[in-house]
Amino acid sequence: EPEVTQTPSHQVTQMGQEVILRCVPISNHLYFYWYRQILGQKVEFLVSFYNNEISEKSEIFDDQFSVERPDGSNFTLKIRSTKLEDSAMYFCASSDFGGRAVEQYFGPGTRLTVT
Amino acid sequence: GNSVTQMEGPVTLSEEAFLTINCTYTATGYPSLFWYVQYPGEGLQLLLKATKADDKGSNKGFEATYRKETTSFHLEKGSVQVSDSAVYFCALNNAGNMLTFGGGTRLMVKP
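Worth saying up front: this structure is predicted, and the values here are computed from it rather than measured.

Participant: Which residues make up the packing of aromatic side chains, and what are the values?
Facilitator: This structure, assessed with the given rule, holds 15 aromatic pairs over all chains. For the pair F62 of chain B and Y88 of chain B, a centre-to-centre distance of 5.6 Å together with 40° between the ring planes defines the contact as tilted. With F62 of chain B in strand β8 (residues 62-65) and Y88 of chain B in strand β10 (residues 86-93), the pair connects residues that are 26 residues apart, well separated along the chain. Of the two residues, F62 of chain B and Y88 of chain B, neither departs from the other in class, the shared state being buried. Linked through ring pairs, Y35, F45 and F106 of chain A together with F34, Y36, F89 and F101 of chain B together constitute an aromatic cluster.

Participant: Tell me about the layout of surface pockets, and name the residues and values.
Facilitator: Empty space within the largest pocket amounts to approximately 510 Å³. When residues of the lining of the largest pocket are traced back to their parent elements, those giving at least two are β9 (88-95) of chain A together with β10 and β12 (105-110) of chain B. Among the elements that take part in the lining of the largest pocket, β12 of chain B stands out by supplying 4 residues, more than any other. If you add up the space inside the second largest pocket, you get close to 390 Å³. As for the second largest pocket, its lining consists of 19 residues, and the residues nearest its centre are E1, E3 and F106 of chain A together with L44 and Q45 of chain B. When contributions to the lining of the second largest pocket are tallied by element, the ones reaching two or more residues are β10 (105-106) of chain A together with β6 (44-50) of chain B. Grouping the constituent residues of the lining of the second largest pocket by class yields 9 nonpolar, 5 polar and 5 charged.

Participant: Any chance you could break down the sheet that holds strand β8 (residues 75-79) of chain A for me, citing the residues and the numbers?
Facilitator: Residues and elements named next belong to chain A. Pairing in this open sheet of 4 strands is antiparallel, and the strands run β1-β3-β8-β7 from one edge to the other. Either end of the sheet is taken by a strand with one partner, and the two such strands are β1 (5-7) and β7 (65-68). Pairwise comparison of adjacent strand axes, ignoring direction, gives a mean angle of 20° for this sheet. With 4 bridges joining them, β7 and β8 adopt antiparallel strand pairing. Looking across to β8, one finds that F65 is bridged to I79.

Participant: Just give me the short version of the pairing of strand β11 (residues 110-114) of chain A, but keep the residues and values in it.
Facilitator: All names here are of chain A. What you see with β11 is a clean split: T110, L112 and V114 sit on the buried side and R111 and T113 on the side with no burial. In terms of strand pairing, strand β2 (residues 10-13) meets β11 through 4 bridges, oriented parallel. If you follow Q11 over to β11, its bridge partner there is L112.

Participant: Please give an account of the interface of chain B and chain A that cites residues and values.
Facilitator: Chain B puts 25 residues into the contact, and the matching count from chain A is 21 residues. Buried surface at the junction of chain B and chain A, both sides included, amounts to about 1800 Å², of which 51% is carbon and sulfur. If you sort the residues of chain B by the area they bury against chain A, L44, N97 and F101 of chain B come out on top, with a joint share of 33%. Viewed at the interface, chain A and chain B are joined by 10 residue pairs in polar contact (both at pLDDT 80 or more). Those elements giving two or more residues to the side of chain B that touches chain A turn out to be β5 (32-38), β6 and β10 of chain B.

Participant: Kindly report on the pairing of β8 of chain A, identifying the contributing residues and their values.
Facilitator: Residue and element names in this part refer to chain A. Of all 5 residues that make up β8, 4 are buried, and the element is covered over most of its length. When strand β3 (residues 19-24) meets β8, the two strands line up antiparallel, connected through 5 bridges. If you follow V19 over to β8, its bridge partner there is I79. Joining the antiparallel neighbours β7 and β8 is a turn of 6 residues.

Scoring rules and cut-offs
Residues numbered from 1 in each chain as written. Chains lettered and ligands numbered in written order. Predicted model: local features only at pLDDT ≥ 70, side-chain atom pairs only at ≥ 80, totals over all residues. Heavy atoms only, no water. Phe/Tyr/Trp six-rings, centres within 6.5 Å; stacked < 30°, edge-to-face > 60°. Helix = DSSP H or I, 4+ residues; strand = E, 2+ residues; numbered from the N terminus. Buried < 20%, exposed > 50% of the residue type's maximum accessible area, 1.4 Å probe, protein only. 1 Å grid on protein atoms, 1.4 Å probe; cavity = no way out; pocket = protein on both sides within 12 Å on 5 of 7 lines; lining within 4 Å. Points joined across faces, edges and corners; volume = space filled by probe spheres on them. Nonpolar A, V, L, I, M, F, W, Y, C, P; charged D, E, K, R; others polar. Pairing = 2+ DSSP bridges. Axes fitted to C-alpha atoms, helices over the stretch in contact; angles between N-to-C directions. Contact = heavy atoms within 4.5 Å. Buried area = accessible area lost by both parts, 1.4 Å probe. Polar contact = N/O pair within 3.5 Å; in protein donor to acceptor, adjacent residues only side chain to side chain.

These figures capture arrangement, not role.
Given below as structure tokens:
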């Protein structure tokens with residue numbers, strides 16, 4: 001069964017460093033998403049991406065964040081200058097269609113630890 | 001704005017017990033409602049969904065009914081198994097592509 005994969009599973013970085021989290025969505029999917037979950041808190045939407053551009057973003061997704069689909073398979077989340085409060089589990093998801101009734105397929109997550 | 005509230009865990013049950021995990025939501029309009037499940041070391045997987053009032057979503061013995069009058073989408077299972085031990089997330093999508101999640105409820109089923 002096709003699945004969303006994410007690398008690395010765990011990333012440790014120092015405050016102020018740039019990190020890139022990588023995702024390979026399901027191959028025929030057209031919509032891509034990033035969510036995060038700070039330890040002990042809710043899963044929060046960051047951004048959705050379709051047709052090579054951002055379609056929605058939350059207030060969390062400020063200028064420190066960017067997303068890219070550099071080739072036909074990868075979808076990346078970049079944090080330019082990490083802060084301690086960026087420590088969280090980051091989930092990538094994809095779907096074949098957009099809209100409120102669609103199932104989003106999630107990857108296993110990347111745990112980001114900022115020290 | 002949109003929000004989802006679900007009962008805090010952990011919920012600990014014996015095998016074959018009846019399960020209810022409460023979920024209520026706040027949203028304008030007509031959101032779609034979802035239950036996702038996360039097994040240890042894995043991503044969130046869709047368990048079931050309902051897209052309009054009075055719809056019942058069901059899968060693997062789990063059920064939830066979209067109740068607009070009480071803004072609820074409670075998850076139920078008649079007889080839980082040890083393999084059901086996981087974290088369960090209630091979520092809604094009111095428009096566009098953004099899922100709004102509840103806080104998650106950890107279920108532990110003991111043999």
